[in-house]
Amino acid sequence: MMQDLGTERPAVILGDLTHRFVTPGGEMMDVLQDVSVTVREKEFFTVVGPSGCGKSTLLNIASGLLQPTDGTIRCLKGDRELQKLEIGYITQDSNLFPWFTVIENIMMPLEIRRIPKPERVERAREWIKIVGLEGFENHYPRQLSGGMQKRCSIARTMVYEPEVLLMDEPFGALDAITKQTMQKTVLDLWQRRQTSVIFITHDLTEAIALSDRVAVMTGRPGRIRRTVDIPLARPRDVYNITDQTGFQELRQELWSLLESDIETDLKG
Ligand SMILES: Nc1ncnc2c1ncn2[C@@H]1O[C@H](COP(=O)(O)OP(=O)(O)OP(=O)(O)O)[C@@H](O)[C@H]1O
Ligand SMILES: [Mg+2]
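Residues numbered from 1 in each chain as written. Chains lettered and ligands numbered in written order. Predicted model: local features only at pLDDT ≥ 70, side-chain atom pairs only at ≥ 80, totals over all residues. Heavy atoms only, no water.

Enquirer: It is not clear to me how helix α2 (residues 102–112) should be interpreted in this structure. Could you clarify?
Expert: For the α-helix, the turn length of 3.6 residues means that residues three or four positions removed from each other point alike. Of all the positions in α2, only Val102, Ile103, Asn105, Ile106, Met107, Pro109 and Leu110 are classed as buried. Taken together, the buried residues of α2 touch α3 (117–130) and α4 (146–158). (Buried < 20%, exposed > 50% of the residue type's maximum accessible area, 1.4 Å probe, protein only. Helix = DSSP H or I, 4+ residues; strand = E, 2+ residues; numbered from the N terminus. Contact = heavy atoms within 4.5 Å.)

Enquirer: What should I look at first to understand the sheet that holds strand β4 (residues 70–77) in this one?
Expert: The strands that make up a sheet pair up through hydrogen bonds in the backbone, lying either parallel or antiparallel. Reading across from one edge, β2-β1-β4-β5 is the order of the four strands in this open sheet, with antiparallel pairing throughout. Each edge of the open sheet is held by one strand with a lone partner, namely β2 (28–40) and β5 (80–81). Alignment of strand β1 (residues 10–22) against β4, held across five bridges, turns out to be antiparallel. From the neighbouring strand, valine 12 faces β4, where its bridge partner is cysteine 75. In this fold helix α1 (residues 55–63) packs onto β1, β2 and β4, with an angle of close to 120° to the strand it touches most, β1. (Pairing = 2+ DSSP bridges. Axes fitted to C-alpha atoms, helices over the stretch in contact; angles between N-to-C directions.)

Enquirer: Sorry if this is basic, but what is going on with the site of ligand 1 here?
Expert: Contacts to ligand 1 come from 15 residues, most closely from Ser51, Gly52, Lys55, Ser56 and Thr57. Residue glycine 52 places a main-chain N or O atom 2.8 Å away from an oxygen atom belonging to ligand 1. When contributions to the shell around ligand 1 are tallied by element, the ones reaching two or more residues are β1, β2 and α1. Taken together, the residues that form the shell around ligand 1 break down as five nonpolar, seven polar and three charged. (Near = heavy atom within 4 Å. Polar contact = N/O pair within 3.5 Å; in protein donor to acceptor, adjacent residues only side chain to side chain. Nonpolar A, V, L, I, M, F, W, Y, C, P; charged D, E, K, R; others polar.)

Enquirer: For this particular structure, what's the right way to read the side chain of threonine 46?
Expert: Relative to the helices and strands, threonine 46 resides in strand β3 (residues 44–48). The class for threonine 46 is buried, based on a relative accessible area of 0%. Among the polar contacts made by the side chain of threonine 46, one reaches the side chain of serine 211 at a distance of 2.6 Å. Beyond its immediate chain neighbours, meaning those up to four positions away, threonine 46 contacts Phe199, Thr201, Ala207, Ser211, Arg213, Val214 and Ala215.

Enquirer: Sorry if this is basic, but what is going on with unusual backbone geometry here?
Expert: If a residue is not glycine, its phi is most likely negative; likewise, a peptide bond is most likely trans. The omega torsion of the bond from arginine 220 to proline 221 falls at -5°, within 30 degrees of zero and hence cis. Relative to the elements of secondary structure, proline 221 occurs in the loop between β9 (213–217) and β10 (224–229). The omega torsion of the bond from arginine 234 to proline 235 falls at -5°, within 30 degrees of zero and hence cis. As for its position among the elements, proline 235 is in the loop between β10 and α7 (247–267). Backbone geometry at arginine 114 places phi at a positive 60°, although glycine is not the residue there. Looking at the secondary structure, you find arginine 114 in the loop between α2 and α3. Residue class for arginine 114 comes out exposed when judged on its relative accessible area of 75%.

Enquirer: Looking at this model, I keep getting lost on the coordination of the magnesium ion (ligand 2). Mind explaining?
Expert: Geometry sets the ideal angles at a metal, namely 109.5 degrees for four tetrahedral donors and 90 or 180 degrees for six octahedral donors. The coordination sphere of the magnesium ion (ligand 2) contains the protein donors Ser56 (OG) and Gln92 (OE1), at a distance range of 2.0 to 2.2 Å. In this pair, serine 56 is assigned in helix α1 and glutamine 92 in the loop between β6 (87–90) and α2, connecting sequence segments 36 residues apart. (Donors = N, O, S within 2.8 Å, 3.2 Å for Na, K, Ca; no water.)

Enquirer: Just checking my understanding: could you explain the packing of aromatic side chains for this structure?
Expert: The relative placement of two aromatic rings is captured by the distance of their centres and the angle of their planes. Throughout the structure, instances matching the rule amount to six aromatic pairs. Residues phenylalanine 44 and phenylalanine 199 carry aromatic rings whose centres are separated by 5.6 Å and whose planes lie at 45° to one another, so their mutual orientation is tilted. One end of the pair, phenylalanine 44, is in strand β3; the other, phenylalanine 199, is in strand β8 (residues 196–200), with 155 residues separating them in the sequence. Centre to centre, the rings of phenylalanine 97 and tryptophan 99 are 5.8 Å apart; their planes meet at 45°, and the pair counts as tilted. (Phe/Tyr/Trp six-rings, centres within 6.5 Å; stacked < 30°, edge-to-face > 60°.)

Enquirer: Can you help me understand the pattern of salt bridges in this one?
Expert: Pairing of side chains with opposite charge becomes possible as their charged atoms draw close. Per the counting criterion, the structure on display carries 15 salt bridges. Residue arginine 123 pairs with glutamate 119 through a salt bridge whose shortest N-O separation is 2.9 Å. With a gap of four residues between them, arginine 123 and glutamate 119 both fall in helix α3, about one helical turn apart. Exposure remark for glutamate 119: the relative accessible area of 33% places this residue in the partly exposed category. Across the salt bridge formed by arginine 193 and glutamate 161, the nearest N and O atoms sit 3.7 Å from each other. (Salt bridge = Lys/Arg side-chain N within 4 Å of Asp/Glu carboxyl O.)

Enquirer: Would you mind showing me how to read the sheet that holds strand β7 (residues 164–168) here?
Expert: Ordered in space as β6-β7-β8-β3-β9-β10, the six strands form an open sheet in which the pairing is mixed. Either end of the sheet is taken by a strand with one partner, and the two such strands are β6 and β10. Shown here is a sheet whose adjacent strand axes are inclined to one another by a mean of 15°, direction ignored. Bridging between β7 and β8 involves five bridges; their strand directions are parallel. Residue pairing across strands places aspartate 168 opposite isoleucine 200, the latter belonging to β8. α4 contacts β6 and β7 of the sheet and is inclined by roughly 175° relative to β6.

Printed below as a string of structure tokens:
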């Protein structure tokens, strides 16, 4: 079912997605069921839901990496279909190339796009600074902490300024202060570049701080239980978002949508 977008143009259209995996035991497992999402141009759209409900699977499908069992995917800019290279995907695991250093990892997508070397170095250095990895340019991923690997993988995607950004719990592994700094960086970039974002998180405060809308998924097989508008004014102050008028009510609303599922799970 398509929602009414008014005058806003769609950027990512996921239509009636269903996905089924074969388990190691050879049985079929329904992971996503009739998931329809239309993300608007320049919209920050977040998905929350219980662990294992199919959120990463949904982004794998949106990115074009995984073919859904059923349903349709379109990524658009205006009337133009986007190519895979124009979609940025920060996966849940950092997925850095282990045999490349930090700076080589970050320059990689620019090399694929045939950006000349001096510009590659300049843009990579700029992002190394933004994510706070100065001094670690020549380290290999195994020589970094988990949070540093995550920041390197964020830089590697942001450096080519994708038209659509898919982010799977990008800040989950970061400490509270780095997390807020990265949230601010992403919001600033998003505001400047006007990209469409699909963001996954377990953190409801983060969901409210960043998003225009938050979709709450049910347990597996994941369906969209409800999509909640986040009408807080922008630009947002990620450091003091919990003091904003309306924040507590939104958090309560999201929590109760999630909780109904957790209770059902516990009851079996
Ligand atoms: N390649 C695969 N083959 C078989 N089953 C898979 C595969 N990938 C994921 N699954 C199953 O699909 C379900 C959903 O996985 P997914 O990673 O999408 O969940 P998630 O919502 O992202 O969870 P989390 O919040 O813990 O990251 C899980 O039960 C998982 O075991
Ligand atoms: Mg996941």
